[in-house]
Amino acid sequence: MFQTLLVDDDFLVRSYLKTLDSWEKEGYEVVRDVQDGEEALEVMNQEKIDIVVTDISMPLMDGIELIKAVKKNWPEVSVIVLSCHDDFEYVKEAMRLGADEYILKNTLDENSLLEVLEKAKAQIEAKKAKTTQEKHTKKLIQMGSHTLKYHFFNGVLSQTLEGEVREQKRLEAQIAGSYKNSAVIAMFMHDWNRQNREWTPLEAEQYSLEFRTGIESEIEAVLGEENELKEIIYLGAGIFCCFLDLSEMRRDSLMRQRLTDVAGACFRFCKKEPYSFGISVSSICIGVQDGLRQAYQQARQMMKYGFYDRDSILYYDCQKEVSRELPKSAEKLIHQVQNQTENTEEELEQEAVTLISEAKQKMTDGRILVQWLHKLDESAYIERSAQVYTEIASIEQFKMALEESVQEVCKHSEEEIPEGVSHTIKVVLLYLHQHYKEQISLQDVAEEAGVNSAYLSYLFKQEMGIGFANYLQECRMRCAEKMLCDTNLKIKEVAEAAGFNDYHYFSKIFKKYHHCSPADYRKKQ
């Protein structure tokens with residue numbers, strides 16, 4: 001249905017128009033009716049209107065002024081003019097301003113309205129089809145233009161475009177700036193890895209286009225006539241770069257002001273986006289061959305600070321270097337985890353707090369911290385998917401993951417590990433407490449502990465007073481008992497979840513332990 005607005009200062013005319021059936025027959029719906037142009041504009045600012053039917057002669061704001069305002073602010077909206085015979089000059093002016101049709105009030109009835117609405121409908125649909133095609137064409141042009149520009153900047157940054165070839169490719173891509181003096185502003189999506197997993201390739205491409213279109217408008221408001229002296233390029237992986245040409249500016253202070261102004265525009269735009277973005281800014285770099293590449297490397301380097309600071313513009317000239325060394329407490333915490341029976345939960349938690357504090361002070365590279373966390377989890381037999389590590393993009397997320405690891409370590413340490421057992425048996429028990437639900441064997445555990453399986457079987461029996469297989473079975477049985485009491489899982493599902501891959505064997509062993517079936521055990525609890 002075409003949403004229709006009636007505008008006429010004569011209440012009787014508006015009332016009569018609304019009673020006609022022609023609207024509904026042609027797919028129109030009169031959603032509002034008002035008495036002058038000012039009220040009409042208020043409605044259009046609040047509601048989606050497809051077509052305006054307006055009188056010419058009205059108080060306050062007449063039809064001519066209304067048509068001017070409509071065509072300026074809502075060029076896609078169609079206009080039908082209501083007029084009398086003596087308004088002919090006004091009608092000509094209305095048509096010149098963009099009115100689509102007109103109706104003489106003294107001939108207005110079902111048939112005359114129906115005829116006009118049919119014509120207007122055809123014009124509206126043709127206009128929409130043309131607009132859709134223009135948008136599609138513009139999108140294709142933008143995509144093609146962006147591809148050429150992407151290859152130009154990629155070639156410059158990878159040093160595969162130099163000299164005359166570089167200049168030729170610059171002109172082919174219709175890039176105005178010469179980039180003798182350059183700066184780069186990188187806008188990077190903090191949680192790209194997570195978002196990329198949720199998006200389809202088409203959705204990612206669509207967002208890239210929408211982002212570039214939006215940021216273009218924001219920066220144009222700052223640069224004005226010099227807007228062409230910048231290019232917005234999507235480099236992939238959630239990274240958009242504004243390559244800023246400052247070659248025509250001679251004073252350093254002016255170049256810095258220009259860079260700050262554009263960075264501010266990028267910051268304001270990204271704050272309005274539904275996703276969290278970081279903004280990193282290079283210094284002003286000089287040189288046709290190396291300046292642009294140097295500026296890009298500086299902006300990329302500053303992206304690492306986004307791990308610690310998500311709320312500021314990260315300027316290259318204002319930051320200390322990111323450290324590639326782990327905090328001293330990192331290796332200490334791994335040692336404590338590997339020997340967890342010798343440390344209390346409070347000691348592990350305090351060391352984790354110390355690690356976070358030292359990382360912030362040293363500005364340790366986030367990627368190095370995540371790699372270390374993976375190593376910590378492996379030493380504690382904590383299993384996480386690779387996805388968990390790739391999606392850690394801030395010190396807060398790292399802190400949460402580390403706290404989860406410490407809690408998991410403490411939970412395992414609560415399992416019974418007798419005092420006085422050897423380091424080998426500690427390793428074995430920790431591994432068993434983590435993996436007993438899996439189909440593991442004595443050989444698997446021996447390899448984990450770094451000893452011969454026959455020797456491990458002997459050592460385990462000597463120190464634990466029970467054979468390895470029986471101990472593993474008891475771990476699984478305790479798990480099954482708990483699930484029978486705490487869940488509504490079927491008995492077969494309990495057996496599988498606890499590590500028994502044979503339901504009948506599970507039932508047989510359970511009766512041996514408890515002198516009743518699993519079902520009867522559940523009823524008694």
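Cut-off values and rules
- Residues numbered from 1 in each chain as written.
- Predicted model: local features only at pLDDT ≥ 70, side-chain atom pairs only at ≥ 80, totals over all residues.
- Heavy atoms only, no water.
- Helix = DSSP H or I, 4+ residues; strand = E, 2+ residues; numbered from the N terminus.
- Rg over C-alpha atoms; globule rule 2.2 N^0.38 Å.
- Buried < 20%, exposed > 50% of the residue type's maximum accessible area, 1.4 Å probe, protein only.
- Contact = heavy atoms within 4.5 Å.
- Areas by Shrake-Rupley, 256 points an atom, 1.4 Å probe, with all protein chains shown as cover.
- Lys, Arg positive; Asp, Glu negative; His and termini not counted.
- Charge placed at Lys NZ, Arg CZ, Asp CG, Glu CD.
- Pairing = 2+ DSSP bridges.
- Axes fitted to C-alpha atoms, helices over the stretch in contact; angles between N-to-C directions.
- Parallel < 35°, antiparallel > 145°, perpendicular 65-115°, else oblique.
- Left-handed = near helix turned anticlockwise from the far one by under 90°.
- Nonpolar A, V, L, I, M, F, W, Y, C, P; charged D, E, K, R; others polar.
- Expected span 1.5 Å × (residues − 1).
- Salt bridge = Lys/Arg side-chain N within 4 Å of Asp/Glu carboxyl O.
- Polar contact = N/O pair within 3.5 Å; in protein donor to acceptor, adjacent residues only side chain to side chain.
- Phe/Tyr/Trp six-rings, centres within 6.5 Å; stacked < 30°, edge-to-face > 60°.
- Patch = residues over 30% accessible without salt bridge, like charges linked within 9 Å, V, L, I, M, F, W, Y side chains within 5 Å.
- 1 Å grid on protein atoms, 1.4 Å probe; cavity = no way out; pocket = protein on both sides within 12 Å on 5 of 7 lines; lining within 4 Å.
- Points joined across faces, edges and corners; volume = space filled by probe spheres on them.
- Core = buried A, V, L, I, M, F, W, Y, C linked by side-chain atoms within 4.5 Å.

Broken down by element type, the protein chain carries 23 helices and eleven strands. Relative to a compact globule of 525 residues, whose C-alpha radius of gyration would be 24 Å, the protein chain shows 36 Å and is clearly more extended. Oriented by its inertia axes, the alpha-carbon framework of the protein chain measures out at about 115 × 70 × 40 Å. In the protein chain, which comprises 525 residues, the share counted as buried stands at 47%. In the protein chain, once contacts between residues fewer than 6 apart in sequence are set aside, the share between residues at least 24 apart is 68%. In the form shown here, the protein chain has an accessible surface area of approximately 27700 Å², with 48% of it arising from carbon and sulfur atoms. Side chains of the protein chain give 64 positive and 90 negative charges; the mean places of these two sets differ by 4 Å.

One open sheet accounts for five strands, arranged β2-β1-β3-β4-β5; its pairing is parallel. With partners counted over all chains shown, the strands left at the sheet margins are β2 (28-34) and β5 (101-104), one partner each. With strand direction ignored, the average angle separating the axes of adjacent strands in the sheet is 20 degrees. As judged from the six bridges shared by strand β1 (residues 2-7) and β2, these two strands associate in the parallel manner. Note on β2: the bridge partner recorded for Leu-5 is Arg-32. Against the sheet, helix α1 (residues 11-19) engages β1, β2 and β4 (78-83), with an angle of about 165 degrees to β2. Packed onto the sheet, helix α4 (residues 63-73) meets β1, β3 (51-55) and β4 and runs at close to 175 degrees relative to β4.

For the pair helix α3 (residues 37-46) and α4, the least separation of the axes is 9 Å and the interaxial angle reads 20 degrees. Considering their axes alone, α3 and α4 lie roughly parallel with respect to each other. Crossing of α3 over α4 shows right-handed handedness. Within the contact between the two elements, α3 uses Gly-37, Ala-40, Leu-41 and Met-44 and α4 uses Leu-66, Ala-69 and Val-70. Within the contact of α3 with α4, the residues separate by chemical class into six nonpolar, one polar and no charged.

Turning to helix α17 (residues 423-435), a few remarks are in order. Look at α17: 18 Å from first C-alpha to last across 13 residues, which is about the 18 Å you get at 1.5 Å a residue. Those residues of α17 that fall on the buried side of the exposure criterion are Ile-425, Val-427, Val-428, Leu-429, Leu-430, Tyr-431, Leu-432, His-433, Gln-434 and His-435.

Looking now at the side chain of Lys-71. Here Lys-71 shows up in helix α4. No salt bridge is formed by the buried Lys-71; the nearest opposite charge belongs to Asp-100, separated by 4.0 Å. Here the side chain of Lys-71 touches Val-77 through a polar contact of 2.8 Å, landing on its backbone oxygen. Contacts of Lys-71, omitting those with residues within four sequence positions, involve Val-77, Ser-78, Val-79, Leu-97, Gly-98, Asp-100 and Lys-127.

Right, let's get into the packing of aromatic side chains. Geometry of an aromatic ring pair is reported as the spacing of the ring centres plus the angle between the planes. Considering all chains together, one arrives at 22 aromatic pairs under this definition. Where Phe-152 meets Phe-153, the ring centres are 5.1 Å apart and the plane angle is 80 degrees; that geometry is what we call edge-to-face. No difference in accessibility class separates Phe-152 from Phe-153, as the two residues are buried. Where Phe-211 meets Phe-269, the ring centres are 5.1 Å apart and the plane angle is 85 degrees; that geometry is what we call edge-to-face. You can see Phe-211 sitting in helix α9 (residues 201-223) and its partner Phe-269 sitting in helix α10 (residues 252-271), a full 58 residues away along the chain. With respect to class, Phe-211 is no different from Phe-269; both count as buried. These aromatic residues form a ring-pair network of at least three members: Trp-192, Trp-199, Tyr-207, Phe-211, Tyr-234, Phe-240, Phe-269, Tyr-275 and Phe-277.

In this section: a negative patch on the surface. Together, Glu-345, Glu-346, Glu-347, Glu-349 and Glu-403 make up a negatively charged patch on the protein surface. The element contributing the most residues to the negative patch is helix α13 (residues 345-362), with four residues. On the secondary structure map, Glu-345 appears in helix α13. Glu-345 gets classed as partly exposed once you look at its relative accessible area, which sits at 35%.

Moving on: the layout of surface pockets. Estimated volume of the largest pocket: approximately 790 Å³. Lining the largest pocket are 26 residues, and of these His-190, Asn-193, Arg-367, Ile-392 and Ala-393 sit closest to its centre. Every element with two or more residues in the lining of the largest pocket is listed here: β6 (181-189), α8 (192-198), α11 (291-303), α14 (366-379) and α15 (386-390). Here the lining of the largest pocket takes five residues from α14, the largest share from any one element. Looking at the lining of the largest pocket residue by residue, the class counts come to eleven nonpolar, eight polar and seven charged.

Let's shift gears to the nonpolar core. Phe-153, Val-184, Phe-243, Trp-372, Leu-373, Phe-398 and Leu-402 are the most contacted members of the largest nonpolar core, which has 53 residues in total. At the level of elements, α6 (110-157), β6, β8 (239-245), α11, α12 (328-338), α13, α14 and α16 (395-413) are the ones that each hand at least two residues to this core. If near-sequence neighbours (up to four positions away) are discounted, Val-184 is found in contact with Cys-241, Cys-242, Phe-243, Ser-280, Val-281, Ser-282, Leu-292, Ala-295, Tyr-296 and Ala-299. Judged by nonpolar contacts, the second largest core, of 36 residues, contains Val-421, Leu-484, Cys-516 and Tyr-521.

Glancing now at the packing of α17 against helix α19 (residues 453-464). Where α17 contacts α19, the two axes come as close as 10 Å, and the packing angle between them is 95 degrees. When the axis of α17 is compared with that of α19, the two are roughly perpendicular. Of α19, the residues touching α17 (which contributes Thr-424, Ile-425, Val-428, Leu-429 and Leu-432) are Leu-456, Leu-459, Phe-460, Glu-463 and Met-464. Broken down by class, the residue content of the contact of α17 with α19 amounts to eight nonpolar, one polar and one charged.

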